[in-house]
Amino acid sequence: MQSNLLHTLVSGPIGVFDSGFGGLTILREMRKILPQYDYMFLGDNARAPYGSHSFDVVYDYTRQCVEYLFSKGCPLVILACNTASAKALRTIQMNDLPEWNKDKRVLGIIRPTAEHVSEYTRTGHVGLFATTGTVTSQSYPIELSKINQSIEVASVACPMWVPLVENGEYDNEGADYFVRKKVEELLSMDSRIDSVILGCTHYPLLLDKIKKYLPKSVQIISQGEIVAQSLKDYLERHTDLEAFLTRNGGCEFLTTESEEKFKHAAQVFLSNSEISAKKVVI
Ligand code: DGL
């Protein structure tokens, strides 16, 4: 790997990382709220999904991808993936970042989501749909209990939802079966839930189907806007880092899979905007 810029803080784009395409739902909102910055998106599509991999594997893959983005000049990397945020963020921040460059930053998306839902819930009963990895990590209940110990979280792992999205089946009838099954499972666990976190960046594509089976009174918390707003607040508070972000409104898409495959699927996530992608070897 080229690592000439890994140890040097230089001006560059905001790095956005996801195991696959899901992080594009976060990137889309960041570019709406913070259009002035440049972005470099990396999807580790060749090794996705991460959701059912072990802690060590998710950490290794995520670390390699963050290292890659730093070595390409990003001063800041957002893990736009709940699974990576749950299983790798803390170790990267504690162990790797001080070795690479202590002035660079890597941020996850679980904390801002937890902060938002803790303000929203009235019953204190929250539901979570996420990958098996995120659910077993207990990251959401842990973060929520740091904010408010009385919040109760009912979590349901949805291992079929990411493949449905990645394979373009999210809008088809077959997806109804898998969505309905998990919504019913969640509601049977706790009838007082008033807010449900979509704790996987792929799930916003299933939003219409999730809405169809959840009672209208239940608020669905989708992460894109929350994370984008939280990044805006972060940059306003960290002007020393913000000064290193380049501002040409550009966006580069990198993938570990084939360029064509990425381009085709990414257009779905980015509402059919024309994009070009570059294949990289991590
Ligand atoms: N998009 C990732 C997340 O938010 C999960 C996809 C995967 O399983 O790789 O958790």
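Residues numbered from 1 in each chain as written. Predicted model: local features only at pLDDT ≥ 70, side-chain atom pairs only at ≥ 80, totals over all residues. Heavy atoms only, no water.

(A) Layout of helix H9 (residues 173–189). Taking 1.5 Å of rise per residue, the 17 residues of H9 would be expected to cover 24 Å, and the 25 Å separating its terminal C-alpha atoms lies within 8% of that figure. Along H9, the residues that are buried comprise Ala175, Asp176, Val179, Lys182, Val183 and Leu186. The arc that holds every buried residue of H9, seen down its axis, measures 150 degrees, which confines them to one face. Those residues of H9 that are exposed and angled more than 90 degrees off the buried face are Glu173, Tyr177 and Ser188. The inward-facing, buried residues of H9 contact strand E5 (125–130), strand E6 (152–157), helix H8 (161–166), strand E7 (195–198) and helix H10 (207–213). (Helix = DSSP H or I, 4+ residues; strand = E, 2+ residues; numbered from the N terminus. Expected span 1.5 Å × (residues − 1). Buried < 20%, exposed > 50% of the residue type's maximum accessible area, 1.4 Å probe, protein only. Arc of directions from axis to C-beta. Contact = heavy atoms within 4.5 Å.)

(B) Layout of empty space enclosed by the protein. Here the structure, examined in full by the defined rule, presents 2 cavities of 30 Å³ or more. The calculated volume of the largest cavity comes to roughly 90 Å³. Lining the largest cavity we find 13 residues, and of these Ser19, Thr83, Thr131, Cys200 and His202 sit closest to its centre. Of the residues that constitute the lining of the largest cavity, the class distribution is 5 nonpolar, 7 polar and 1 charged. Roughly 30 Å³ of volume is contained in the second largest cavity. Looking at the second largest cavity, the residues that line it are Thr25, Ile26, Leu198, Cys200, Thr201, Pro204, Ser222, Gln223 and Gly224. (1 Å grid on protein atoms, 1.4 Å probe; cavity = no way out; pocket = protein on both sides within 12 Å on 5 of 7 lines; lining within 4 Å. Points joined across faces, edges and corners; volume = space filled by probe spheres on them. Nonpolar A, V, L, I, M, F, W, Y, C, P; charged D, E, K, R; others polar.)

(C) Structural view of the packing of aromatic side chains. Per the stated rule, a full pass over the model turns up 11 aromatic pairs. Each ring, one from Phe21 and one from Phe269, has its centre 5.7 Å from the other, and the planes form 25 degrees; the classification is stacked. Pair noted here: Phe21 is in the loop between strand E1 (14–18) and helix H1 (24–33) and Phe269 is in helix H13 (residues 259–269), with a separation of 248 residues, a long-range link. Per residue, the accessibility class of Phe21 equals that of Phe269, and both read buried. (Phe/Tyr/Trp six-rings, centres within 6.5 Å; stacked < 30°, edge-to-face > 60°.)

(D) Spotlight on the state of the cysteines. Under the definition given, this model contains 0 disulfides. Distance from the sulfur of Cys81, which forms no disulfide, to the nearest cysteine sulfur (Cys200) is 7.0 Å. Cys158 forms no disulfide, and the closest cysteine sulfur to it belongs to Cys200, at a distance of 8.7 Å. On the accessibility criterion, Cys158 (2% relative accessible area) is buried. (Disulfide = S-S within 2.5 Å.)

(E) Spatial organisation of the sheet that holds strand E10 (residues 277–279). Reading across from one edge, E4-E3-E1-E2-E9-E10 is the order of the 6 strands in this open sheet, with parallel pairing throughout. Edge positions in the open sheet fall to strand E4 (105–107) and E10, since each of these has one partner strand only. Within this sheet the neighbouring strands show an average axis-to-axis angle of 20 degrees, counted without direction. Taken together, the 3 bridges between strand E3 (residues 76–79) and E4 define a ladder with parallel strand orientation. Bridge pairing in E4 places Val77 opposite Val106. Across the sheet, H1 is in contact with E1, strand E2 (39–43), E3 and strand E9 (251–255); its angle to E2 comes to roughly 170 degrees. Taken strand by strand, helix H4 (residues 89–100) contacts E3 and E4, and its axis lies near 170 degrees from that of E4. (Pairing = 2+ DSSP bridges. Axes fitted to C-alpha atoms, helices over the stretch in contact; angles between N-to-C directions.)

(F) Structural context of the site of the ligand. Inspection of the region around the ligand gives 13 residues, with Ser19, Tyr50, Gly51, Thr83 and Thr201 positioned closest. A distance of 2.8 Å separates an oxygen atom of the ligand from a polar atom in the backbone of Asn82. Within the complex, 99% of the 300 Å² of free accessible area of the ligand lies under protein. Assessed atom by atom at 2 Å from the grid points, the ligand resides in the largest cavity. Of the residues in the shell around the ligand, the class split is 5 nonpolar, 7 polar and 1 charged. (Near = heavy atom within 4 Å. Polar contact = N/O pair within 3.5 Å; in protein donor to acceptor, adjacent residues only side chain to side chain. Areas by Shrake-Rupley, 256 points an atom, 1.4 Å probe, with all protein chains shown as cover. Sits in = over half its atoms within 2 Å of the grid points.)

(G) Molecular detail of the nonpolar core. The biggest cluster of nonpolar side chains holds 55 residues, and the ones touching the most others in it are Leu24, Phe129 and Ile210. In terms of residue count, helix H11 (residues 223–237) provides more of this core than any other element does, 5 residues in total. Residues Phe17, Val66, Leu89 and Trp100 belong to the second largest nonpolar core, which totals 25 residues. (Core = buried A, V, L, I, M, F, W, Y, C linked by side-chain atoms within 4.5 Å.)

(H) Representation of the layout of surface pockets within the structure. Estimates place the volume of the largest pocket at around 700 Å³. Looking at the largest pocket, it is lined by 33 residues, and the ones nearest its centre are Leu89, Gly108, Ile110, Arg111 and Pro112. Mapped by element, the contributors of at least two residues to the lining of the largest pocket are helix H3 (82–87), H4, helix H5 (110–120), helix H7 (139–147) and H11. With 9 residues, H11 is the largest single contributor of residues to the lining of the largest pocket. Each residue belonging to the lining of the largest pocket can be placed in one class, and the counts come to 15 nonpolar, 9 polar and 9 charged. Here the second largest pocket is characterised by a volume of approximately 370 Å³. Along the walls of the second largest pocket sit 20 residues, with Phe21, Glu166, Asn167, Lys261 and Ala265 positioned nearest its centre.

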